[in-house]
Amino acid sequence: MVVEILSAVVVAGGAWLAAGVRVVKQYERGLVFRFGRVRSRVSEPGLTLLVPFVDRMQKVNMQIVTLPVPAQDGITRDNVTVRVDAVVYFKVIDPVVAAVNVQDYRSAVGQVAQTSLRSIIGKSDLDDLLSNRERLNEGLELMIDSPALDWGIHIDRVEIKDVALPEAMKRSMSRQAEAERERRARVISADGELQASYKLSQAAAQMADTPAALQLRLLETVVQVSSEKNSTLVLPFPVELLRFLDAQTPRPAAPAAPEPAPAAPEPELELGEAKPEENGHVTPSPRSPGDAVQPAD
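Residues numbered from 1 in each chain as written. Predicted model: local features only at pLDDT ≥ 70, side-chain atom pairs only at ≥ 80, totals over all residues. Heavy atoms only, no water.

*Asks:* Which parts of the structure should I look at to understand the side chain of S43?
*Replies:* Within the secondary structure, S43 is located in the loop between β3 (37-38) and β4 (46-49). Residue S43 is classed as buried on the basis of its relative accessible area, which comes to 1%. Leaving out residues up to four positions away in the same chain, S43 has contacts with V24, R29, G30, V32, T48 and M57. (Helix = DSSP H or I, 4+ residues; strand = E, 2+ residues; numbered from the N terminus. Buried < 20%, exposed > 50% of the residue type's maximum accessible area, 1.4 Å probe, protein only. Contact = heavy atoms within 4.5 Å.)

*Asks:* What's the story with the sheet that holds strand β6 (residues 65-75) in this structure? I'm lost.
*Replies:* Sheet strands associate in pairs through backbone hydrogen bonding, adopting either a parallel or an antiparallel arrangement. Taken in spatial order, the three strands line up as β6-β7-β8 in an open sheet, and their pairing is antiparallel. Each edge of the open sheet is held by one strand with a lone partner, namely β6 and β8 (153-164). Averaged over all pairs of adjacent strands, the angle between strand axes in this sheet comes to 25°, irrespective of strand direction. When β6 meets strand β7 (residues 81-92), the two strands line up antiparallel, connected through nine bridges. Within β7, the position partnered with G74 by the bridge is V82. Across the sheet, helix α5 (residues 133-148) lies against β7 and β8, angled at about 140° from β8, the strand it touches most. (Pairing = 2+ DSSP bridges. Axes fitted to C-alpha atoms, helices over the stretch in contact; angles between N-to-C directions.)

*Asks:* Help me understand unusual backbone geometry in this model?
*Replies:* For residues besides glycine, phi is generally negative; the peptide bonds are generally trans as well. Its identity is not glycine, yet F35 carries a phi of approximately 55°, on the positive side. Along the polypeptide, F35 turns up in the loop between β2 (28-34) and β3. Judged by its relative accessible area of 68%, F35 is exposed. Positive phi, normally seen in glycine, also occurs at N79, with a value near 60°. A relative accessible area of 67% means that N79 is categorised as exposed.

*Asks:* What's the story with the packing of aromatic side chains in this structure? I'm lost.
*Replies:* Aromatic rings considered in pairs are described by the distance between their centres and by the relative angle of their planes. Within the structure shown, the criterion is met by one aromatic pair. Pairing F90 with Y105 gives two aromatic rings, centres 6.5 Å apart and planes at 85°, and the pair type is edge-to-face. Here F90 is found in strand β7, whereas its partner Y105 is found in helix α3 (residues 105-123), with 15 residues between them in sequence. By relative accessible area, F90 is classed as buried at 0%. Take Y105: its relative accessible area is 16%, and that puts it in the buried class. In this structure, R56 is placed above the aromatic ring of F33, and the distance from its NZ or CZ to the ring centre is 5.1 Å. (Phe/Tyr/Trp six-rings, centres within 6.5 Å; stacked < 30°, edge-to-face > 60°. Lys NZ or Arg CZ within 6 Å of the ring centre and 35° of its normal.)

Read these as layout, nothing more, since geometry by itself doesn't imply function.
Written as C-alpha cells, this is what we have:
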C-alpha cells in the first residue's frame, strides 16, 4: 500500500515537473508572466523551470526580421505619379518592451513603414528616387526608427526596391537619354574633326617643305587601296605634281613657217579660144581686125 502511494507521488511529481519545463532556443528569449505580471528576469536560451499552472512563458524572436513593404502609389514633388515598394530589416532589442508596449510589433512596423514611404515619395523629386536612393533610404530609416524605439525595436536597414513609372514617362525619359547620347556623340565627333584638322595642317606644311613626301604619301595610298583586292583601282593624282612635271618638261622648238610659193602666171588665151566663166557660160574670144562679119546673102 505504501509502495503504491509512493509510486503515485513520484508519478505526480514527475508530471508536475514536466509541466513546468520549457526549452528556449538560442535565437529566442522567454518572458515569464506570473499571475499576469511579467517578471523582470528574461529566460535565457536553454532549459527553464516554471511553476505549473502559475507561470506562463511567451517567447520572443531576436533574429533580424525581413518585412516587405507593399508598393505605395504617390505623387512626387515634381508632380510625377510613381509606385514605390521597399523592404525593412529590423530586430527586437528589448523583448519585454516589445511584448508589453505594442500588441503586434510586426504589424506596427509595417504600417509605419508604409506611411513613411508615402511621405518620402511626396517630399522627393523623381530624379532623387531614381539616382539618389542612399539618401532616401537613410531618411526613411530615421522616420521608421523614431517610433520603433519606444517599442523595443531597432530598424537595422531600409531599402527602396523598385520605382515603377508610367509608360509615357518611360518613353519621355528614353527620348531624353537618346538625345543626350546624340549630343555627346556630335560633340566628340566635332572635337575629333578639330584635332584632325590641326594635324592635317601640320602635315600639309611639312609636305610643302618636302615635295617628295607627297609622292610617298601617294604611293602609300596606292598600297592601302591595292590590299583590298579590288578589280578597279582609282589612283588619285595631285594637280601640283602635274604642274611640276609640266614645268620640268623641255618644249621642242617650233618649225619655221614655209615661204609662200609665187603665183603661177595666168595663161594667155589665143584668138578663137573661149574663156570659161565662173557661172558656167562660155564667153567667145575677141576676133582679129581682119575677121569681118560677112553679111548674109
